[in-house]
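Fold and geometry: a report
Residue-level listing of the chains:
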Amino acid sequence: MGSEGERGETQGLGKGAPSADDGKATDAHVGQRLRQRRWMLGLTQQQVGERVGIKFQQVQKYETGQNRISASRLWDLSRSLEVPVGYFYEGLGPTPSEQPLDVTGPAADPMGDRESIELVRAYYAIPEEPRRRLFELTKAMSDAAAGQGADGAARSFDAATETAEGPARALRLEAG
């Protein structure tokens, strides 16, 4: 009854009590979102560290999930990276038990890959008309790769080059 009963009831609920994953999956997810935002802004770990007053090694540890980001540090990071604090938790899910977290790379989140982010940044640096044609060409290539055949890909490609002038009009997607 006395202290043994009370200890038994509260054991595992104190400050050092382990959760299902000790928060490691959450820390990794928040770190991944930090890395994604840094890449999207084209910043180095050093630059992010300077913005919030920490060393780049600490940013690196946050990004890998090795170190947990405190609430006040997360606030500083969100302000310096110009996103709401909630940005870091997007895609996490209601609870780990309801939605297991997979932070294993681009398959889990296509924008989690640095190459994808650089591709998007480069894409939007292209003027509007050529960018639209590039988009249509990419869709045509994707259709062909997805097994929709050369006819579907050729139609998408023709739509992309319909307004093109000069040598670009001569380009045609050849069926393999």
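Every chain is numbered independently, its residues counted from 1 as its sequence is written. Per-residue local features of the predicted model are confined to residues with pLDDT of at least 70, and side-chain atom pairs are confined, for both listing and counting, to 80 or more; whole-chain, interface and lining totals are unaffected and use all residues. Only hydrogens and water are removed before side-chain values are computed, so all heavy atoms of the structure are retained for them.

A closer look at the nonpolar core
By size, the foremost hydrophobic cluster in this structure holds 15 residues, and its most contacted members are Leu34, Val48, Tyr62, Ile69, Leu77, Leu81 and Phe88. Sorting the residues of this core by element identifies helix H2 (24–41), helix H3 (45–52), helix H4 (56–64) and helix H5 (71–80) as the ones contributing at least two each. Here, nonpolar core means buried Ala, Val, Leu, Ile, Met, Phe, Trp, Tyr and Cys residues that are tied together by side-chain atoms lying within 4.5 Å of each other. The cut-offs for exposure are 20% and 50% of the maximum accessible area for each residue type, with area from a 1.4 Å probe on protein chains only; residues under the lower value are buried, those over the upper are exposed, and the others partly exposed. In DSSP terms, a helix is any run of H or I states spanning at least four residues, a strand is any run of E spanning at least two, and both are numbered starting from the N terminus.

Observations regarding the packing of H3 against H4
A fitted line through C-alpha atoms serves as each axis, taken over the contacting stretch for helices, and the angle formed by two N-to-C directions is quoted from 0 to 180°. Closest axis-to-axis distance for the H3/H4 pair is 8 Å, and the angle between their directions is 105°. Taken together, H3 and H4 sit at an angle that is classed as roughly perpendicular. On H4, the residues that touch Gln45, Gln46, Val48 and Gly49 of H3 are Phe56, Val59, Gln60 and Glu63. In this classification, the charged set is Asp, Glu, Lys and Arg, the nonpolar set is Ala, Val, Leu, Ile, Met, Phe, Trp, Tyr, Cys and Pro, and all remaining amino acids, among them Gly, are polar. Taken together, the residues of the contact of H3 with H4 sort by class into three nonpolar, four polar and one charged. Oblique is the label for any angle not under 35 degrees, not over 145, and not in the 65 to 115 range, which are roughly parallel, roughly antiparallel and roughly perpendicular in turn. Between two residues, a contact is recorded if the distance between any of their heavy atoms is within 4.5 Å.

A look at the packing of H2 against H4
H4 packs onto H2 with a crossing angle of 120° between their chain directions and a minimal axis gap of 6 Å. Relative to H4, the element H2 lies oblique. For the pair H2 and H4, the contacting residues are Asp27, Gly31, Gln32, Leu34, Arg35 and Arg38 in the first and Val59, Tyr62, Glu63 and Thr64 in the second. Residue composition of the contact of H2 with H4, by class: three nonpolar, three polar and four charged.

Some remarks on unusual backbone geometry
Excluding glycine, residues mostly carry a negative phi; peptide bonds, for their part, are mostly trans. In this structure, Glu82 is a non-glycine residue whose phi angle is positive, near 60°. Tracing the sequence through the fold places Glu82 in the loop between H5 and helix H6 (114–124). Glu82 sits in the exposed class, given a relative accessible area of 63%.

Thoughts on the confidence of the model for the protein
Per residue, pLDDT captures the predictor's confidence, and it can take any value from 0 to 100. With 61% of its residues at a pLDDT of 70 or more, the protein shows a mean pLDDT of 74. For the protein, helix H1 (residues 3–10) is the element with the lowest average pLDDT, namely 39, and H3 is the one with the highest, namely 96. A low-confidence stretch, residues 1–18 stays under pLDDT 50, and its non-local contacts, those more than four residues away or across chains, total two contacts. Note on residues 163–176: pLDDT is under 50 here. Beyond four places in sequence and across chains, it has 16 contacts.

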